[in-house]
Amino acid sequence: MKRFTNDANLDVHQHLWPAQLIEALRARDAPPRLRDWTLELTGEPPFEVDPRDHDPELRRRQALADGLDVALVSISSPLGIELLAPHESRELLDAYHDGMLALPEPFGAWAAACLTEIDPDALVRELDRGFVGLAVPANALGDELGYVRLAPLLDALADAGRPLFIHPGPATAPQTAPPWWPIMVSYVGQMHAAWYAFRAFGRRRHPTLRVCFAMLAGLAPLHGERFVARTGLRNVVDEDVFLDVSSYGLRAIDAIVRVLGIDVLVGGSDRPYALPAIPDLGAAAAHAICGANPLRLLDRREVFDVLAVASGPRP
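Just so we're clear, the structure is a prediction, and the values are computed from it rather than from any experiment.

Caption draft 1: Layout of the side chain of Asp-270. Along the chain, the position of Asp-270 falls in the loop between strand 11 (265-266) and helix 10 (283-298). No salt bridge is formed by the buried Asp-270; the nearest opposite charge belongs to Arg-59, separated by 8.4 Å. Side-chain polar atoms of Asp-270 contact the side chain of His-15, separated by 3.2 Å.

Next comes the structure, spelled out in structure tokens:
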């Protein structure tokens, strides 16, 4: 495994279902399940999956064409796997974890965890196997109770010096809503709540934890002026809290930079559901977003060894 410098190019947010997970989803009798390539979820219409999106070799070539040194894959939390009954959740999570470790370079992965029966020892085992940190659905950390319930997992992460990745979770929509409702309303709302829940409850409980919010935290930081005006508190920039830029463009990213600065932004594409969108803010900004900042999120001292472990058994 190569040793990265700050010139490395990292994408901290992609999705790719390994063959083991696809087989496990097809074997299920209830959502989440696959019927051939039709995904069935609770509360959402069926979704036709493009098989090419989950072809490891095609995705490997795509990542290399994007110039990536590392592409980190996260479990697709909107499927609701982490929130199933323990025996169902762990069967699918085992398939996900085993499949991730079989992917070729430049892929690495975030671990996932059953959230209906908290097992920090299981998380530590996955971290020891080569996962860079833990991905958690945002609606599991949208209030104080979430931080109470997940505290053992987050303590294990902090003790290991690994980061937390907060990503939208399962969503429902009104019966008459258009198909874009979950991605434009539910996901954004989840991320907004998770951003302020971390400020209100998470940081106090986990003072050393590094955290990354997907999709610019649903643009929650842009409400800072309202926060100051209505609470009398001041905005603070937490140097251990990061936001990936997935699914947004120049205007949104530039606005976040004006509020929080460039040092908290990290490259994330959300492939295959979105394309990489690094804004034209200059070479220094691109260098920070794609290289220096994600290496701080992952802690370069740790990520070298972690990815080396994960790459050991690969062909």
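That was the structure; now back to the text.
Caption draft 2: Structural detail: the side chain of Ser-89. Within the secondary structure layout, Ser-89 lies in helix 3 (residues 86-101). Within the structure, the side chain of Ser-89 is placed 2.9 Å from the backbone oxygen of Ile-81, a separation counted as a polar contact. Residues contacting Ser-89, with those up to four places away along its chain left out, are Ile-81, Glu-82, Leu-84 and Cys-114.

Caption draft 3: Inspection of the layout of surface pockets at higher detail. The computed volume of the largest pocket comes to approximately 880 Å³. A per-element tally of the lining of the largest pocket places helix 7 (residues 181-205) first, with five residues. Tallied by class, the residues present in the lining of the largest pocket amount to 23 nonpolar, seven polar and two charged. Looking at the second largest pocket, its volume works out to about 330 Å³. Around the second largest pocket, the lining comprises 16 residues; the ones closest to its centre are Trp-195, Arg-199, Val-236, Val-237 and Asp-238.

Caption draft 4: The sheet that holds strand 8 (residues 164-167), seen in detail. An order of 7-8-9-10-11 is seen for the five strands of this open sheet, with the pairing classed as parallel. Every interior strand has two partners, whereas the edge strands, strand 7 (134-137) and strand 11, have only one. Bridge count for strand 7 against strand 8 is four bridges, and the pairing is parallel. Bridge assignment links Leu-134 to a residue of strand 8, and that residue is Leu-164.

What counts, and at which threshold
- Counting from 1, residues in each chain are numbered in the order their sequence is written.
- Whole-chain, interface and lining totals are the exception, using all residues; otherwise, since this is a predicted model, local features are given only for residues with pLDDT of at least 70 and side-chain atom pairs are given and counted only at 80 or more.
- Here the side-chain values reflect all heavy atoms present in the structure, with hydrogen atoms and water set aside.
- To qualify as a helix, a DSSP run of H or I must reach at least 4 residues; to qualify as a strand, a run of E must reach at least 2; elements of each kind are numbered from the N terminus.
- Residue burial is assigned from relative accessible area. The probe radius is 1.4 Å, only protein chains are included, and a residue is buried under 20% of its type maximum, exposed over 50%, and partly exposed in between.
- Positive: Lys, Arg. Negative: Asp, Glu. His and the chain ends are not part of the count.
- Any carboxyl oxygen of Asp or Glu that lies within 4 Å of a side-chain nitrogen of Lys or Arg is treated as forming a salt bridge with it.
- The term polar contact refers here to a pair of N or O atoms within 3.5 Å; inside protein, the definition further demands a hydrogen-donor-capable atom paired with an acceptor-capable atom, and it admits residues adjacent in sequence only when both atoms are side-chain atoms.
- In this analysis, two residues are considered to be in contact whenever any of their non-hydrogen atoms come within 4.5 Å of each other.
- Using a grid of 1 Å spacing that covers the protein atoms alone, one calls a set of points a cavity when a 1.4 Å probe fits there but cannot get out, and a pocket when the set is open and has protein on both sides within 12 Å along at least five of seven lines; lining residues are those with an atom within 4 Å of a point.
- Grid points are joined across faces, edges and corners, and a volume is the space filled by probe spheres set on the points.
- Polar here means any residue other than Ala, Val, Leu, Ile, Met, Phe, Trp, Tyr, Cys and Pro, which are nonpolar, and Asp, Glu, Lys and Arg, which are charged; Gly is therefore polar.
- By definition, two strands form a pair when at least two bridges between them are found by DSSP.

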